[in-house]
Amino acid sequence: MSEPVPDLPSAGGVPPAVAWELFSSGRALLVDVRTAEERKFVGHVPNSLHVPWATGTALTRNPRFARELEAKIGGKDTVALLLCRSGKRSLLAAEAAAKAGLTKVFNVLEGFEGEIDAQQHRGKADGWRFHSLPWIQD
C-alpha cells in the first residue's frame, strides 16, 4: 500500500490476500460494507467490523455511512479495508470515505464473493472465498 495521493477518489485497492495479511497482523481494520442480510446468509470474515453502505433488499444508500465508519474505526487516520460482495460497493464507499477526510481507507478488490461469471455464479474465479481466506457463516 502506498501513501494516498491528494485528489484521488480513494486511497486505493488491495487484493484479498494482502487484505487478510494486513487485517490478521493487526495493521488494518476490515470493515464489511454489505447489508446485514448478506453477512448473515452469505458469510463474513471473523472479527470484521460492519458498517453498511446500503440497507435492505433495495440497497437504499446509508446517508450516514462516512460518519458511522469514522466512529466505528476510531478516527480519520485509521487504516481500514472495505469489503463488499464484488468490490463495487466497497469502491464507492472508499471514495465517499476519502471525500469525508478518511485518507487511509482502501477497497478490497474482488470482494467477498467475486465477480459474476457467464453461468451467473460468483466465487468461481475470484473473491475472498475463492482464495480460501477465513470466513464463517451464521
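Heads up: the structure comes first, above all this text.
Residues numbered from 1 in each chain as written. Predicted model: local features only at pLDDT ≥ 70, side-chain atom pairs only at ≥ 80, totals over all residues. Heavy atoms only, no water.

Along its length, the protein chain carries four helices and seven strands. Its helices and strands in sequence order give the protein chain the pattern β-α-β-α-β-β-β-α-β-α-β, from N to C terminus. Here the C-alpha atoms of the protein chain give a radius of gyration of 14 Å, agreeing with the 14 Å that 2.2 N^0.38 yields for 138 residues. Projected onto its principal axes, the C-alpha positions of the protein chain cover 40 × 30 × 30 Å. Taking all 138 residues of the protein chain together, 42% fall into the buried category. For the protein chain, the share of sequence-separated contacts (at least 6 apart) that also reach a separation of at least 24 residues comes to 60%. With the model as given, the accessible surface of the protein chain reaches about 7,200 Å², and the carbon-plus-sulfur share is 55%. Side chains of the protein chain carry 17 positive and 16 negative charges; the gap between the two charge centres is 4 Å. (Helix = DSSP H or I, 4+ residues; strand = E, 2+ residues; numbered from the N terminus. Rg over C-alpha atoms; globule rule 2.2 N^0.38 Å. Buried < 20%, exposed > 50% of the residue type's maximum accessible area, 1.4 Å probe, protein only. Contact = heavy atoms within 4.5 Å. Areas by Shrake-Rupley, 256 points an atom, 1.4 Å probe, with all protein chains shown as cover. Lys, Arg positive; Asp, Glu negative; His and termini not counted. Charge placed at Lys NZ, Arg CZ, Asp CG, Glu CD.)

Membership of the largest hydrophobic core comes to 17 residues, with the highest contact counts inside it found for Val31, Val33, Trp53, Phe65, Leu69, Leu82 and Val105. Elements with a minimum of two residues in this core: α3 (65–73), β6 (80–83) and α4 (88–99). The dominant element in this core, judged by the number of residues it contributes, is α4, at four residues. Non-local contacts of Trp53, meaning those with residues more than four positions away in its chain, are made with Val33, Thr60, Arg61, Asn62, Phe65, Arg89, Leu92, Ala93 and Ala96. Ranked by size, the runner-up nonpolar core spans 16 residues in total, among them Phe23, Ala28, Phe106 and Leu133. (Core = buried A, V, L, I, M, F, W, Y, C linked by side-chain atoms within 4.5 Å.)

Attention now moves to the side chain of Thr78. Relative to the elements of secondary structure, Thr78 occurs in the loop between α3 and β6. Looking at Thr78, its side chain comes within polar contact range of the main-chain oxygen of Ile73, at 3.2 Å. Excluding its chain neighbours within four sequence positions, the residues that come into contact with Thr78 are Leu29, Ile73 and Lys104. (Polar contact = N/O pair within 3.5 Å; in protein donor to acceptor, adjacent residues only side chain to side chain.)

Using the criterion set out here, one finds four aromatic pairs in the structure. Arranged with centres 5.9 Å apart and planes meeting at 65°, the rings of Trp20 and Phe23 form a pair that is edge-to-face. Note that Trp20 and Phe23 are positioned in helix α1 (residues 16–24) at a spacing of three residues, about one turn of the helix. The class for Trp20 is partly exposed, based on a relative accessible area of 25%. Between Trp20 and Trp128, the ring centres sit 6.2 Å apart and the planes meet at 85°, which makes this aromatic pair edge-to-face. A residue pair is termed long-range when its members are at least 10 positions apart, and Trp20 in helix α1 and Trp128 in the segment after β7 (105–108) qualify at 108 residues. (Phe/Tyr/Trp six-rings, centres within 6.5 Å; stacked < 30°, edge-to-face > 60°.)

Take the environment of Ala80 next. When you line up the elements, Ala80 lands in strand β6. Those residues in contact with Ala80, other than ones at most four positions away along the chain, are Leu29, Val31, Ile73, Lys104, Val105 and Phe106.

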